[in-house]
Amino acid sequence: MTAALPIAQAAVSLSFFALGLFTVVDWLRHRERSRGYLALALGTLGLTSILGQLNTLTGYRTGPGIGDVTIVLFIISGYALLLFRGSFIPLPRALQLSAVVALVATGVFAMAVGAPSSPDIRPTAIQSVATLVLILAWSACVIEPVVRFWLAARRRPGVQRARLRALAGGYAAIVLLLLVAGFGGSAVSNPLAMWLFEIVAIIALPLLLAGFAPPLWLRRIWRQAEEGQFRDALHDLVLFSPDRPTLAKRAAEWAARLVGADGSAIVDADGQILAIHGMSVDTVRQLAAEAGQRRGAQLVATPGSSLKDAVVVPLPLDAGTGAMVVVSGPFTPFFGADEVSRLRAYSANITTALDRARVTERLAALEKVKSQFLNLASHELRSPLGVIAGYLSMLEQGALGVLTEAGIHAVEVLKAKALEMNLLVAQMLDAARLEEGRLTLKRAQHDLRDIVREGLKVVGPMATPHHELSLDTPESVVPVFGDEDRLLTIVTNLLENAIKYSPQGGLVRCVVSAVDGSALVTVIDTGVGISAEDLPRLFGRFERIQNPRTSHVAGTGLGLYLSRELARQHSGDIEVQSRAGVGSTFTLILPLMKPLTKGQPAQPAPVMEPVPAAPRLHVVAAEGDSESQSA
């Protein structure tokens, strides 16, 4: 066991030297200040370890100069580790100056008193004091970064938290080795204690390596705990952001959290900065410009700095190429392939979400324009239609002269067309009010039979001599609680459709009934009918079933949409059964009221759970840019 100890010591020294060499190569590849300090620290520490082994193996016959070189390298390693910490958070000038003075003073003192010329010679008291003072000064420079790294690891992303703690643990192990070596006395010469030393050194090496360049599998383990949280946040981000600026703001925040960055920004295809955090506008614009010159995510230098401490990820939006820019912070000097890969995958979701938000905004704008058009058109058409109706009435009454039989027929046709236009205008106006949330119902109790009779009178002029209109009603009252005008609109729309879509004429039958607490109005025709594949689109807004048998029918596709919405406003619904070429049956279902006794106040109908309407897009007004949007 004792014989193998020198081999273990040599292997550990070579491992420290290899780690230092690895950091030097890493600095030569990236040329970053923080990596340079780290390379200097571990490189000199590795050389110190190798020189110590060389001195031991040669029996301290390497000459006094080697001891002085070892002390100089040891001092440089401690100060470089302190500067490495300063690359994260600036060191106070006084602390930096104090560290330099302490290290130089203790180093000069140690070189002045010298070291034993042979391993068999015990060091003098002054030599022991010089060694202990030098170790304490070196440890003081390293203990501060250990504490700072450990505290800074809190509330950081999983990978960064683990890396900082690995660095802190590795430095702490080195400090422990030096302190025990300096204060352990004769106990350090014990073989068991020396083996414990080597074990601690072996533990320190993978900790340091994990902090500098953790392998991909280790990164995945570190971030596993927060992956579920990130997926949930990404789901909410992509689907429920109300507008593009809010989406971009949340996306930028998560981009920074994803890699532990200090600043982030999202730039639109036209160069507009949608979101910015922890960066200047000029920096964002200059970095985003590089996205247009490069293909794929790139590590780039921030303006005015030689450090490669930013990642620019192009966003291939529909309107052009935008960019996601992420810059490192005090504790994120190590952007590499893993961070670039994660941001590239994240950017694909953000690109899709931004394009979805743009489409949603366009749809919302179109919906608004449609509603405005319906409102404007319906108001502007009512006045000329009123004039036309007035003159037709005068012609029919003979106030403008006696009409021939042909003239009387022409007036009847014009009255029917004017009625169609009036119904169309009413539909447009109600649809606009419904979309804007301004549709109010004047509820009262009514006999559904009377409303249906009035509806037949309204649509009577639209029927041709080939049509036969039939009404079946029960003898008793069919009471409903609702808005008479809106209920009349529903009935006239159903009857009008039955007439229009029966171009060859035939029976149009209307049946009023009361069944199991529901009032029913059933309109049956023997017209062209509707195919099964067209039924799902029947009640959509502006939806019209187009086929050769219905191409002659005029309309906007608002009638059935409005009828179902009004029915649901009354806690009811409309059902349809139809076969192409056979005919259709539409049934209005409303809650049935109990007849009122004399002096009893009107009571609202029991509320029925409405059948969900076909999905429509709704843009919810943002409240502090935090509300969500549903479709």
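Heads up: these notes are all about the structure in this document. (Residues numbered from 1 in each chain as written. Predicted model: local features only at pLDDT ≥ 70, side-chain atom pairs only at ≥ 80, totals over all residues. Heavy atoms only, no water.)

Details of the pairing of strand E2 (residues 273-277)
Spelled out, the test is: The criterion for strand pairing is that DSSP finds at least two bridges linking the strands in question. For the purposes of this entry, the term helix denotes a DSSP run of H or I that reaches at least four residues, the term strand denotes a run of E that reaches at least two, and both are numbered from the N terminus.
Relative to E2, strand E1 (residues 263-267) is paired through four bridges, and the arrangement is antiparallel. If you follow Ala265 over to E2, its bridge partner there is Ile276. Remark: five residues form the turn of the hairpin made by E1 and E2, two consecutive strands paired antiparallel; Gly271 in that turn has positive phi of roughly 90°.

As for the pattern of salt bridges
The following threshold applies: Salt bridge, as applied in this entry: a Lys or Arg side-chain nitrogen positioned within 4 Å of an Asp or Glu carboxyl oxygen. We call a residue buried when its accessible area falls under 20% of the maximum for its residue type, exposed when it is over 50%, and partly exposed in between, using a 1.4 Å probe and counting protein chains only.
This model, assessed by the stated rule, comprises eleven salt bridges. For Arg453, the salt bridge is made with Asp450, and the minimal N-O distance between the two is 2.9 Å. Taken together, the residues span about one helical turn, with Arg453 and Asp450 both in helix H13 (residues 448-459) at a distance of three residues. For Asp450, a relative accessible area of 44% corresponds to the partly exposed category. Connected via shared salt-bridge partners are Arg244, Asp268 and Arg358.

Focus: the packing of aromatic side chains
So the rule is basically this: Pairing of aromatic rings covers Phe, Tyr and Trp, the last counted by its six-membered ring, and requires centre-to-centre distances within 6.5 Å; plane angles under 30 degrees mean stacked, over 60 mean edge-to-face, and any other angle means tilted. Note on criteria: charge over ring means Lys NZ or Arg CZ within 6 Å of the ring centre, with the direction from the centre no more than 35 degrees off the ring normal.
With the rule as written, the count across this model stands at zero aromatic pairs. The ring of Trp150 has Arg165 sitting right over it, with the charged end atom 5.0 Å from the ring centre. The lysine or arginine in question, Arg564, covers the ring of Phe539, its NZ or CZ lying 3.7 Å from the ring centre.

So, unusual backbone geometry
The bulk of non-glycine residues show a negative phi, and the bulk of peptide bonds are trans. The backbone of Asp516 sits at a positive phi, close to 50°, despite the residue not being glycine. Within the secondary structure, Asp516 is located in the loop between strand E9 (506-515) and strand E10 (518-525). Positive phi is not limited to glycine here, since Ser571 has a value of about 60°. Structurally, Ser571 is set in the loop between helix H15 (559-569) and strand E11 (573-579). Since its relative accessible area comes to 16%, Ser571 is described here as buried.

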